[in-house]
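The residues making up each chain are set out below.
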Amino acid sequence: MQRDLQTMADTISPRDRLIVALDLANTKAAEAMVAELGDAVSFYKIGLELTYGGGLGLARDLIKSGKQIFLDLKFHDIPNTVARATEQVAEMGATFLTVHAFPQTMKAAVGALGSSKMKILAVTVMTSYDDDDLREAGYALRVPELVGRRAQQAKAAGIHGLILSAEEVKAMRGIVGPDMLLVTPGIRPAGAAIGDQKRVMTPAEAIKGGADHLVVGRPVTQAPDPKAAAEAIVAEIAGAC
Ligand code: C5P
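1. Concerning the overall build of the protein
Move 1: In terms of helices and strands, the protein carries eleven helices and eight strands.
Move 2: For the protein, whose C-alpha radius of gyration is 17 Å, the value lies close to the compact-globule estimate of 18 Å for 241 residues.
Move 3: When its C-alpha atoms are laid out on the principal axes, the protein stretches across 45 × 40 × 35 Å.
Move 4: Residue pairs at least 24 apart in sequence account for 64% of intrachain contacts in the protein once pairs closer than 6 positions are excluded.
Move 5: For the protein, the distance from the average position of its 26 positive side-chain charges to the average position of its 28 negative side-chain charges is 4 Å.

What follows is the structure, encoded as structure tokens:
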């Protein structure tokens with residue numbers, strides 16, 4: 001079974017395509033989960049909640065132990081502040097950092113990378129937003145138009161990848177081409193609880209559709225056997241690459 005479209009990221013191993021979201025209340029719980037998952041998982045996402053619960057120290061420890069870290073910090077500030085903060089995260093050795101897809105913000109983050117290999121991912125439009133939310137916030141565009149415009153602006157700014165829902169991947173690949181990373185949450189293996197996600201895809205569907213990395217939280221961290229759940233997802237990804 002082949003992916004519909006080959007991309008620049010085709011050399012990434014199936015294990016490195018799975019990013020487990022450490023959406024846990026504190027570092028103690030997160031460390032226990034990382035220990036339980038062991039070699040099954042090579043890449044972790046740390047978001048705002050855990051970051052403010054001591055997660056940056058954990059991120060440093062995980063990087064030292066050879067894991068890749070995606071810091072989902074969604075920067076958005078004046079260019080100087082974004083640039084200085086990006087330098088700090090790059091120095092830690094994180095692999096991915098998110099920023100909001102505003103042109104100034106994206107250019108500031110990319111411009112601050114220097115010799116760092118860290119990749120900047122842009123969040124186009126939060127998936128909790130619909131057309132009414134955009135109108136209320138003063139935008140004249142509808143969600144798909146704004147997502148498309150921001151994806152083009154991200155590409156022009158030299159952003160390395162986008163965060164998008166799995167169902168947006170195919171259309172977005174058409175807009176940004178093969179050389180941007182597409183990273184998708186909302187992944188549910190067949191039979192897994194959907195929870196609060198509205199539009200979900202299986203790991204194989206998302207990879208076949210052109211996603212490069214899958215962000216998976218609860219289907220791994222709340223599974224009766226998290227390690228087995230992660231290994232099953234990696235095997236499903238391998239079968240779809
Ligand atoms: O537990 P679950 O697999 O739903 O976790 C998905 C992860 O991806 C969470 O960390 C969530 O915050 C994040 N995310 C998302 N949808 C977005 C952006 C990020 O689910 N549009």
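Moving on, there is more to tell.
2. Details of the site of the ligand
Move 1: Ala21, Asp23, Lys45, Thr127, Pro185, Arg188, Gln197, Val215, Val216, Gly217, Arg218 and Pro219 make up every residue found near the ligand.
Move 2: Here an oxygen atom of the ligand and a side-chain polar atom of glutamine 197 are 2.8 Å apart.
Move 3: Note that an oxygen atom of the ligand is positioned 2.7 Å from one of the backbone N or O atoms of arginine 218.
Move 4: Coverage of the ligand by the protein chains reaches 79% of its 460 Å² of free accessible surface.
Move 5: Residues that form the shell around the ligand fall into these classes: five nonpolar, three polar and four charged.

3. With respect to helix H5 (residues 103–111)
Move 1: Residues Thr105, Met106, Ala108 and Ala109 constitute the buried set of H5. Around the axis of H5, the buried residues are gathered within 165 degrees of arc, so they sit on the same side. Exposed side chains of H5 directed beyond 90 degrees from the buried face belong to Gln104, Lys107 and Gly111.

4. With respect to unusual backbone geometry
Apart from glycine, the bulk of residues carry a negative phi angle, and the bulk of peptide bonds sit in the trans form.
Move 1: One non-glycine residue, lysine 74, lies in positive phi territory at about 45 degrees.
Move 2: With respect to the helices, strands and loops of the structure, lysine 74 is situated in strand E3 (residues 68–75).

5. Things to note about the packing of helix H4 (residues 79–92) against H5
Move 1: Across the interface, H4 lies against H5 with an axial gap of 8 Å and an inter-helix angle of 35 degrees. As H4 runs across H5, the sense of the crossing is right-handed. Facing H4, whose interface residues are Pro79, Val82, Ala83 and Thr86, H5 presents Gln104, Thr105, Ala108 and Ala109.
Move 2: A per-class count over the contact of H4 with H5 returns five nonpolar, three polar and no charged.

6. Some thoughts on the packing of aromatic side chains
Move 1: Tallied over the full model, the rule gives two aromatic pairs.
Move 2: Their ring planes at 40 degrees and their centres at 5.2 Å tell us that phenylalanine 43 and phenylalanine 96 sit as a pair that is tilted. Placement of the pair is phenylalanine 43 in strand E2 (residues 43–46) and phenylalanine 96 in strand E4 (residues 96–100), with a sequence separation of 53 residues.
Move 3: On the basis of relative accessibility, which here comes to 1%, the residue phenylalanine 43 falls in the buried class.

7. Re the sheet that holds strand E1 (residues 18–21)
Move 1: Strand order in the closed barrel made by the eight strands is E1-E2-E3-E4-E5-E6-E7-E8, with parallel pairing throughout. Across the sheet, the axes of successive neighbouring strands diverge by a mean angle of 25 degrees, strand direction being ignored.
Move 2: As judged from the two bridges shared by E1 and E2, these two strands associate in the parallel manner. Across the sheet, the residue bridging to valine 20 is tyrosine 44, located in E2.
Move 3: Lying over the sheet, H5 contacts E3, E4 and strand E5 (119–123), oriented at roughly 155 degrees with respect to E4.

8. Regarding the pairing of E4
Move 1: Here E4 lies mainly inside the structure; five of its five residues are buried.
Move 2: Both faces of E4 are covered, namely the face carrying Phe96, Thr98 and His100 and the face carrying Leu97 and Val99.
Move 3: In the sheet, E3 pairs with E4 via three bridges, with the strands oriented parallel. Across the sheet, the residue bridging to phenylalanine 75 is valine 99, located in E4.
Move 4: The β-α-β motif built from E3, the intervening H4 and the parallel element E4 has right-handed crossover chirality.
Move 5: Bridging between E4 and E5 involves five bridges; their strand directions are parallel. Opposite leucine 97, over in E5, you have isoleucine 120 as the bridge partner.
Move 6: In this region the chain leaves E4, passes through H5 and returns to the parallel neighbour E5; the handedness of that crossover is right-handed.

Reading the values: the criteria
Within any chain, residue numbers begin from 1 and follow the written order of that chain's sequence. Only residues with pLDDT of at least 70 are given local features in this predicted model, and only at 80 or more are side-chain atom pairs given and counted; all residues enter the totals for whole chains, interfaces and linings. Excluded from the side-chain calculations are hydrogens and water; all other atoms, namely the structure's heavy atoms, are used. Note on conventions: DSSP H or I runs of at least 4 residues are helices, E runs of at least 2 residues are strands, and numbering of each starts at the N terminus. Every radius of gyration here is taken over C-alpha atoms, with the globule rule written as 2.2 Å times N^0.38, N being the number of residues. Contact definition: two residues touch when any of their heavy atoms are within 4.5 Å. Positive residues here are Lys and Arg, negative ones are Asp and Glu, while His and the chain termini are left out of the count. Throughout, a charge is located at the NZ atom of Lys, the CZ atom of Arg, the CG atom of Asp or the CD atom of Glu. Residue proximity to a molecule or strand is established when one non-hydrogen atom of the residue lies within 4 Å of it. Here a polar contact means two N or O atoms within 3.5 Å. Within protein one must be a hydrogen donor candidate and the other an acceptor candidate, and residues neighboring in sequence count only if both atoms are side-chain atoms. Here the Shrake-Rupley method, with its probe set to 1.4 Å, supplies the accessible areas, and only the displayed protein chains count as covering residues. When residue character is reported, Ala, Val, Leu, Ile, Met, Phe, Trp, Tyr, Cys and Pro are called nonpolar, Asp, Glu, Lys and Arg charged, and the others, Gly included, polar. To sort residues, take the accessible area from a 1.4 Å probe on protein chains only and compare it with the maximum for the residue type: under 20% means buried, over 50% means exposed, and anything in between is partly exposed. Throughout, the arc means that of the directions going from the helix axis to the C-beta atoms. Between N-to-C directions, angles span 0 to 180 degrees; the directions come from axes that are lines fitted to C-alpha atoms, helices contributing only their stretch in contact. With the far helix as reference, a near helix turned anticlockwise by less than a right angle produces a left-handed crossing, and one turned clockwise produces a right-handed crossing. By convention, a stacked pair of Phe, Tyr or Trp rings (six-membered ring in the case of Trp) has centres within 6.5 Å and planes under 30 degrees apart, an edge-to-face pair has planes over 60 apart, and any other such pair is tilted. Pairing between strands is defined by DSSP: at least two bridges between the two strands are required. Handedness of a crossover: with both strands directed away from the viewer, a clockwise path from the first strand across the helix to the second marks it as right-handed.

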